[in-house]
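# Close look at the chain arrangement
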Amino acid sequence: MPSVFVLNGPNLNLLGSREPATYGSETLADLEARLQSACDQRGIELVFRQSNHEGELVAWIHDAGAAGAPVILNAGAYTHSSIALRDAISGANADVVEVHISNVHAREHFRHRSMISAVARGVILGFGLRSYELALEALFPSGGQGSGRFLP
Ligand code: DQA
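About the thresholds
Residues numbered from 1 in each chain as written. Predicted model: local features only at pLDDT ≥ 70, side-chain atom pairs only at ≥ 80, totals over all residues. Heavy atoms only, no water. Helix = DSSP H or I, 4+ residues; strand = E, 2+ residues; numbered from the N terminus. Rg over C-alpha atoms; globule rule 2.2 N^0.38 Å. Buried < 20%, exposed > 50% of the residue type's maximum accessible area, 1.4 Å probe, protein only. Contact = heavy atoms within 4.5 Å. Areas by Shrake-Rupley, 256 points an atom, 1.4 Å probe, with all protein chains shown as cover. Lys, Arg positive; Asp, Glu negative; His and termini not counted. Charge placed at Lys NZ, Arg CZ, Asp CG, Glu CD. Near = heavy atom within 4 Å. Polar contact = N/O pair within 3.5 Å; in protein donor to acceptor, adjacent residues only side chain to side chain. Expected span 1.5 Å × (residues − 1). Arc of directions from axis to C-beta. Pairing = 2+ DSSP bridges. Axes fitted to C-alpha atoms, helices over the stretch in contact; angles between N-to-C directions.

The number of helices and strands found in the chain is 5 helices and 5 strands. Taken over C-alpha atoms, the radius of gyration comes to 14 Å for the chain, in line with the 15 Å a tight globule of 152 residues would show. Along the first, second and third principal axes, the C-alpha set of the chain runs to 40 × 35 × 25 Å. Burial analysis of the chain (152 residues in total) assigns 44% to the buried set. Taking contacts inside the chain between residues at least 6 apart in sequence as the whole, the part at least 24 apart equals 75%. A total accessible area of about 7400 Å² is found for the chain, and carbon and sulfur atoms account for 52% of it. Across the chain, 11 positive and 15 negative side-chain charges occur, with their mean positions spaced 6 Å apart.

Printed below as a string of structure tokens:
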């Protein structure tokens, strides 16, 4: 069975109570439930994780790369600073879709730069928790073969 890693970075454990005007009122557990049902429909195994620690995210990216599983990655604030995450993606040859709940380009200037975008297959942002579902749809089209790969 194909699998997909959904990796969430720092402070995303606070979803639901954290700045609801920006991130909404649904929790990380709500997000996992949504994605679990979308994965069940597609016959995909969901590996859903969150960490506030950069090194743990690095290790999980390595795991996904070694397993040949695509990654939907919301690296939170590490997006804007972490060369380690960028190098993990390149080094493990991980197939990453970068996602953000908010439209980071409509926010503070320091959120406009991503260390990850250049090594990601694609970027989806600004659609709330739907950003993750859209990333899953991009990787595993519900109407298609679900190969996890687009033609170049
Ligand atoms: C975020 C945007 C980041 O700038 C921020 O640090 C987050 C969440 C988003 O999903 O919109 O933690 O990645």
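Once you've had a look at it, read on.
Let us look at the site of the ligand. With respect to spatial proximity, the complete set of residues near the ligand consists of Arg 18, Tyr 23, Asn 74, Gly 76, Ala 77, His 80, His 100, Ile 101, Ser 102, Val 104, Arg 107 and Arg 111. At 2.8 Å, a side-chain N or O of Asn 74 approaches an oxygen atom of the ligand. Within the contact set of the ligand, an oxygen atom lies 2.9 Å away from a side-chain nitrogen or oxygen of Arg 111. With the chains in place, 99% of the 320 Å² that the ligand exposes on its own is no longer accessible.

Next up on the list: helix H2 (residues 28–42). Since the α-helix turns once every 3.6 residues, residues separated by three or four places project in the same direction. The first and last C-alpha atoms of H2 sit 21 Å apart over 15 residues, in line with the 21 Å expected at 1.5 Å per residue. Where H2 is concerned, the buried positions are Leu 28, Leu 31, Leu 35, Ala 38 and Cys 39. When H2 is viewed along its axis, its buried side chains cluster within an angular range of 100° and face the same direction. When the buried face of H2 is taken as reference, the exposed residues oriented beyond 90 degrees from it are Ala 29, Asp 40 and Gln 41.

Here we have 5 strands laid out as an open sheet, ordered E2-E1-E3-E4-E5, and parallel in their pairing. Edge positions in the sheet fall to strand E2 (45–50) and strand E5 (122–125), since each has one partner strand and no second. For this sheet the average axis-to-axis angle between neighbouring strands, irrespective of direction, equals 20°. Lying on the sheet, helix H3 (residues 54–67) is in contact with strand E1 (3–8), E2 and strand E3 (71–74); it crosses E1 at an angle near 170°. Docked against the sheet, helix H5 (residues 130–139) engages E1, E3, strand E4 (96–100) and E5, running at close to 160° with respect to E4.

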